[in-house]
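Descriptive analysis of the structure
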Amino acid sequence: FSFNVTPTNNVNNGSARETSQLFGLPLEFQLSATAQALSGYEISGGVAGRYRFTQDARHAQDITYLLNHRTYLLSEEAKAAAPGVKGSDFAFSQLALGYNYHRTPENWPGPFSLSLTGGNTWYAGNTYFSFLRVGGQQSFRFSDKTVLTLFGTAERQFGEQAPDVDRLNVTLRLNQQIGQLGVLGLTVGNTTSISASDTGDFSEQRVGADFRIGKPIAGIDVSFGLDWRGRDFVRSRFDPAGRRDNEVTGRVNLVFRQIDRFGFNPTVTVQSSRTDSTIGLFDREKTGVQIGIRSSF
């Protein structure tokens, strides 16, 4: 279980700019208030779990489930800038049900798993898209301190408000324990998204690093990370040359383990991201402080 309240300067994923060049013209167009970033609060909650219906020393099978919802409250400043707009206009919900198969064969470099997941999403209370996803992962355990994991998924999205999308993702992650200091994680990945829509047809590259401190500091689990993501859109309705986005995200996560009430721990996450795009409309700046609780089991 989780529940979070997040003050944020960008509830609608709006532009950080007031004007932008569009359609390849050497002119600055004034962006509407709803196209610009609106401040407010994100309120989110969810439940996720599994039912393990079979297990032995070498394999296990799970049924998994997920339900989450987030909605927003606009600040007074945002309400004044965009009258008639409500925070619930940007609400998003997801429901998913899946099956996972895990196995650790003898004389194999590490455990692997396969998964099949289906679900539905809602935006502003209306069906956004449904999806079907198949995935797998293979771990390579080089030592007790070094594990390399390969992840892969293939997903089909059936759009209602969104376009139909076929998406392939491959991610490679290295976890390295560094003495008593903690665990360093390094991630590289690539996503190919194919769609008839210019917003859903892109290629994406990702690089990330994170570190989880080995011992709690004053009873607080501390982790932090930095990620870069680049997206290339072959075409754009706003520029015949297409579009390129570069996003950098930094975050710090705190889990207050010394405070445990009914199996829940308080959490604080500070996250900030910046997106620079070849089209100013898609320049983004977003900062939030997420205050919440999550189950400790």
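Nothing here was measured: the structure is a model prediction, and the numbers come from that model. (Residues numbered from 1 in each chain as written. Predicted model: local features only at pLDDT ≥ 70, side-chain atom pairs only at ≥ 80, totals over all residues. Heavy atoms only, no water.)

Let's talk about the overall build of the protein chain
The secondary structure content of the protein chain amounts to one helix and 16 strands. Taking 2.2 N^0.38 as the reference for a compact globule, 297 residues should give roughly 19 Å; the C-alpha atoms of the protein chain span a radius of gyration of 21 Å, in line with that estimate. When the backbone C-alpha atoms are referred to their principal axes, the protein chain occupies close to 65 × 40 × 35 Å. Expressed as a percentage of the 297 residues in the protein chain, the buried residues total 36%. In the protein chain, of all internal contacts separated by at least 6 residues, the share reaching a separation of at least 24 is 54%. Of the accessible surface of the protein chain, which amounts to about 16700 Å², a share of 59% is contributed by carbon and sulfur atoms. Taking the 30 positively charged and 28 negatively charged side chains of the protein chain as two groups, their mean positions are separated by 6 Å. (Helix = DSSP H or I, 4+ residues; strand = E, 2+ residues; numbered from the N terminus. Rg over C-alpha atoms; globule rule 2.2 N^0.38 Å. Buried < 20%, exposed > 50% of the residue type's maximum accessible area, 1.4 Å probe, protein only. Contact = heavy atoms within 4.5 Å. Areas by Shrake-Rupley, 256 points an atom, 1.4 Å probe, with all protein chains shown as cover. Lys, Arg positive; Asp, Glu negative; His and termini not counted. Charge placed at Lys NZ, Arg CZ, Asp CG, Glu CD.)

A short note on the nonpolar core
Membership of the largest hydrophobic core is limited to eight residues, which are Val-11, Leu-38, Tyr-72, Leu-74, Ala-78, Ala-82, Val-85 and Phe-90. If we skip the residues at most four places from it in the chain, Ala-78 touches Leu-38 and Ser-39. (Core = buried A, V, L, I, M, F, W, Y, C linked by side-chain atoms within 4.5 Å.)

Details of the packing of aromatic side chains
Per the counting criterion, the structure on display carries nine aromatic pairs. Taken together, a centroid distance of 5.5 Å and an interplanar angle of 50 degrees make the contact between Tyr-128 and Phe-129 tilted. Residue Tyr-128 is classed as partly exposed on the basis of its relative accessible area, which comes to 26%. Its end group placed over the ring of Phe-202, Arg-231 keeps NZ or CZ at 4.1 Å from the ring centre. Lying across the ring of Phe-233, Arg-243 places its NZ or CZ 4.0 Å from the centre. (Phe/Tyr/Trp six-rings, centres within 6.5 Å; stacked < 30°, edge-to-face > 60°. Lys NZ or Arg CZ within 6 Å of the ring centre and 35° of its normal.)

Considerations on the pairing of strand E7 (residues 112-123)
Note on strand geometry: in a regular strand, side chains alternate between the two faces of the sheet. In terms of strand pairing, strand E6 (residues 92-103) meets E7 through twelve bridges, oriented antiparallel. Among the inter-strand pairings, Tyr-101 is bridged to a residue of E7, identified as Leu-114. The hairpin formed by E7 and strand E8 (residues 126-141) contains two residues between the paired strands, and Ala-124 there has a positive phi angle of roughly 55 degrees. (Pairing = 2+ DSSP bridges.)

A short note on the environment of Gln-258
Mapped onto the elements, Gln-258 comes out in the loop between strand E14 (243-256) and strand E15 (264-277). Once the C-alpha coordinates of Gln-258 and Ile-220 are considered, the two residues, 38 residues apart in sequence, prove to be 7.0 Å apart. Each residue touching Gln-258, except ones within four places of it in the same chain, is listed here: Ala-218, Gly-219 and Ile-220.

Observations concerning a nonpolar patch on the surface
A cluster of nonpolar side chains, contributed by Leu-150, Val-170, Leu-172, Val-188, Val-207, Leu-226, Trp-228 and Val-248, occupies part of the molecular surface with about 640 Å² of accessible area. When contributions to the nonpolar patch are tallied by element, the ones reaching two or more residues are strand E10 (165-178) and strand E13 (220-233). Among the structural elements, Leu-150 can be located in strand E9 (residues 146-159). (Patch = residues over 30% accessible without salt bridge, like charges linked within 9 Å, V, L, I, M, F, W, Y side chains within 5 Å. Salt bridge = Lys/Arg side-chain N within 4 Å of Asp/Glu carboxyl O.)

Some points on the layout of surface pockets
Each pocket or cavity is described by its volume, and for the second largest pocket that value is around 320 Å³. Surrounding the second largest pocket, 25 residues form its lining, Ser-223, Asn-253, Leu-254, Val-255 and Arg-294 being those nearest its centre. Among the secondary structure elements, those contributing two or more residues to the lining of the second largest pocket are strand E1 (2-8), E10, strand E11 (182-194), strand E12 (202-213), E13, E14, E15 and strand E16 (284-295). Broken down by element, the residue count for the lining of the second largest pocket peaks at five residues, all from E13. Residues of the lining of the second largest pocket, tallied by class, amount to eight nonpolar, ten polar and seven charged. (1 Å grid on protein atoms, 1.4 Å probe; cavity = no way out; pocket = protein on both sides within 12 Å on 5 of 7 lines; lining within 4 Å. Points joined across faces, edges and corners; volume = space filled by probe spheres on them. Nonpolar A, V, L, I, M, F, W, Y, C, P; charged D, E, K, R; others polar.)

With respect to unusual backbone geometry
Residues other than glycine seldom take positive phi values, yet Asn-13 does so here, at roughly 55 degrees. One can find Asn-13 in the loop between E1 and strand E2 (19-20). With phi around 55 degrees, Ala-218 is a residue other than glycine that occupies positive phi space. By the element assignment, Ala-218 lies in the loop between E12 and E13.

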